[in-house]
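Spelled out from the first residue to the last, the chains are:
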Amino acid sequence: EMQLVESGGGLVQPGGSLRLSCAASGFSFSSHWMYWVRQAPGKGLEWVSKIDYDSTLTHYADSAKGRFTISRDNAKNTLYLRMDSLRVDDTALYYCVGVRPGCWGQGTLVTVSS
Amino acid sequence: QAVVTQEPSLTVSPGGTVTLTCGFSTGAVASGHLPFWFQQKPGQAPRTLIYDSNNKYSWTPARFSGSLLGGKAALTLSGAQPEDEADYYCLLFYDNVAVFGGGTHLTVF
């Protein structure tokens, strides 16, 4: 069974940092692009970032450029998202997604507030 | 950044058929935009239903189908069930970017 389990969310002050992790199992993690998608409370889905199989290519939404860094460790089947200079409008449930395999985690909540 | 448009809300009768659409501000949606469709029920993570316009996963109910229709991506639900009431999102890819539509809230009533 495919599974993605996120961790690392929490409450952080504006300007602070967090690192999210996502442990993958049940599918060939190293064969797929991986994504971070977020959903602010009561809002729709927003793509944040994506990374290719071997970390050669990374892409970011405009809202994440220069502040967020996506990475992966295929030996550990783990995806990461380093988030710096966090803003109040980054508050959201952050999902780890294997888009093509059709696999979503349950999300980890990031709350940015003073 | 380009905008992906969906109907904000639709209603379908139980057993009826409804088509949700996904448009692109830059022009027609094409197969190269690799349209995906997702279903999200309250309090749950999204579930992927369709990939690459019209391909289903093993878990996708047969009553859902995807297509390209009139310059848009389309998700058709034939024989709506009460459990199909949910939010539906499309996702398009272009120029190294992925963009979600704003979502369609589907009511089965």
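Residues numbered from 1 in each chain as written. Chains lettered and ligands numbered in written order. Predicted model: local features only at pLDDT ≥ 70, side-chain atom pairs only at ≥ 80, totals over all residues. Heavy atoms only, no water.

Caption draft 1: Expanded view of the overall build of chain B. Within chain B one finds zero helices and 11 strands. The order of helices and strands in chain B, counted from the N terminus, is β-β-β-β-β-β-β-β-β-β-β. In terms of overall size, chain B behaves like a compact globule, its C-alpha atoms giving a radius of gyration of 13 Å where 109 residues would be expected to give roughly 13 Å. Projecting the C-alpha coordinates of chain B onto the three principal axes gives extents of approximately 40 × 30 × 25 Å. A total of 109 residues make up chain B; the buried ones form 50% of that total. Here the analysis covers contacts within chain B between residues at least 6 apart in sequence; of these, 53% occur between residues at least 24 apart. Summed over its atoms, the accessible surface of chain B is roughly 4,700 Å², and 52% of this surface lies on carbon and sulfur atoms. Of note, chain B has its 5 positive side-chain charges centred 6 Å away from the centre of its 7 negative side-chain charges. (Helix = DSSP H or I, 4+ residues; strand = E, 2+ residues; numbered from the N terminus. Rg over C-alpha atoms; globule rule 2.2 N^0.38 Å. Buried < 20%, exposed > 50% of the residue type's maximum accessible area, 1.4 Å probe, protein only. Contact = heavy atoms within 4.5 Å. Areas by Shrake-Rupley, 256 points an atom, 1.4 Å probe, with all protein chains shown as cover. Lys, Arg positive; Asp, Glu negative; His and termini not counted. Charge placed at Lys NZ, Arg CZ, Asp CG, Glu CD.)

Caption draft 2: Here's a closer look at the sheet that holds strand S1 (residues 4-6) of chain B. Residues and elements named next belong to chain B. In space, the four strands of this open sheet follow the order S1-S3-S8-S7, with antiparallel pairing throughout. Edge positions in the open sheet fall to S1 and strand S7 (64-69), since each of these has one partner strand only. Taking each pair of neighbouring strands and ignoring which way they run, the sheet shows an average axis angle of 20°. Summarising the sheet, S1 and strand S3 (residues 17-24) pair through three bridges and their orientation is antiparallel. Within the sheet, the bridge partner assigned to Val-4 lies in S3 and is Phe-24. (Pairing = 2+ DSSP bridges. Axes fitted to C-alpha atoms, helices over the stretch in contact; angles between N-to-C directions.)

Caption draft 3: Local environment of the pairing of strand S1 (residues 3-7) of chain A. Residue and element names in this part refer to chain A. With burial as the criterion, only one face of S1 is covered, namely that bearing Leu-4 and Glu-6; the residues Gln-3, Val-5 and Ser-7 on the opposite face remain uncovered. Alignment of S1 against strand S3 (residues 18-25), held across five bridges, turns out to be antiparallel. Its bridge partner being in S3, Gln-3 is matched across the sheet by Ser-25.

Caption draft 4: Broad picture of the environment of Val12(B). Residues and elements named next belong to chain B. Relative to the assigned elements, Val-12 resides in strand S2 (residues 9-12). Sequence-wise, Val-12 and Pro-61 are 49 residues apart; in three dimensions their C-alpha atoms are separated by 17 Å. Those residues in contact with Val-12, other than ones at most four positions away along the chain, are Thr-17, Val-18, Ala-80, Leu-106, Thr-107, Val-108 and Phe-109.

Caption draft 5: Layout of the state of the cysteines. Residue and element names in this part refer to chain A. For the structure on display, the rule yields two disulfides over all chains. Between Cys-103, a free cysteine, and Cys-96, which holds the nearest cysteine sulfur, the sulfur-to-sulfur gap is 7.6 Å. Residue Cys-103 is classed as buried on the basis of its relative accessible area, which comes to 4%. (Disulfide = S-S within 2.5 Å.)

Caption draft 6: Representation of the interface of chain A and chain B. Facing 20 residues of chain A, the contacting portion of chain B comprises 20 residues. Counting the surface chain A buries against chain B, the share from its top three residues, Leu45(A), Arg100(A) and Trp104(A), is 37%. Counting every contact that joins chain A to chain B gives one salt bridge. Its salt-bridge partner being Arg100(A), residue Asp52(B) comes within 2.8 Å of it at the nearest N-O pair. The interface formed by chain A and chain B holds six residue pairs in polar contact (both at pLDDT 80 or more) in total. Only strand S4 (34-39) and strand S5 (45-51) of chain A provide two or more residues apiece to the side of chain A that touches chain B. Examining the composition of the side of chain A that touches chain B, we find that four residues originate from one element, S5(A), more than from any other. Class assignment of the residues belonging to the side of chain A that touches chain B gives a composition of nine nonpolar, six polar and five charged. (Buried area = accessible area lost by both parts, 1.4 Å probe. Salt bridge = Lys/Arg side-chain N within 4 Å of Asp/Glu carboxyl O. Polar contact = N/O pair within 3.5 Å; in protein donor to acceptor, adjacent residues only side chain to side chain. Nonpolar A, V, L, I, M, F, W, Y, C, P; charged D, E, K, R; others polar.)

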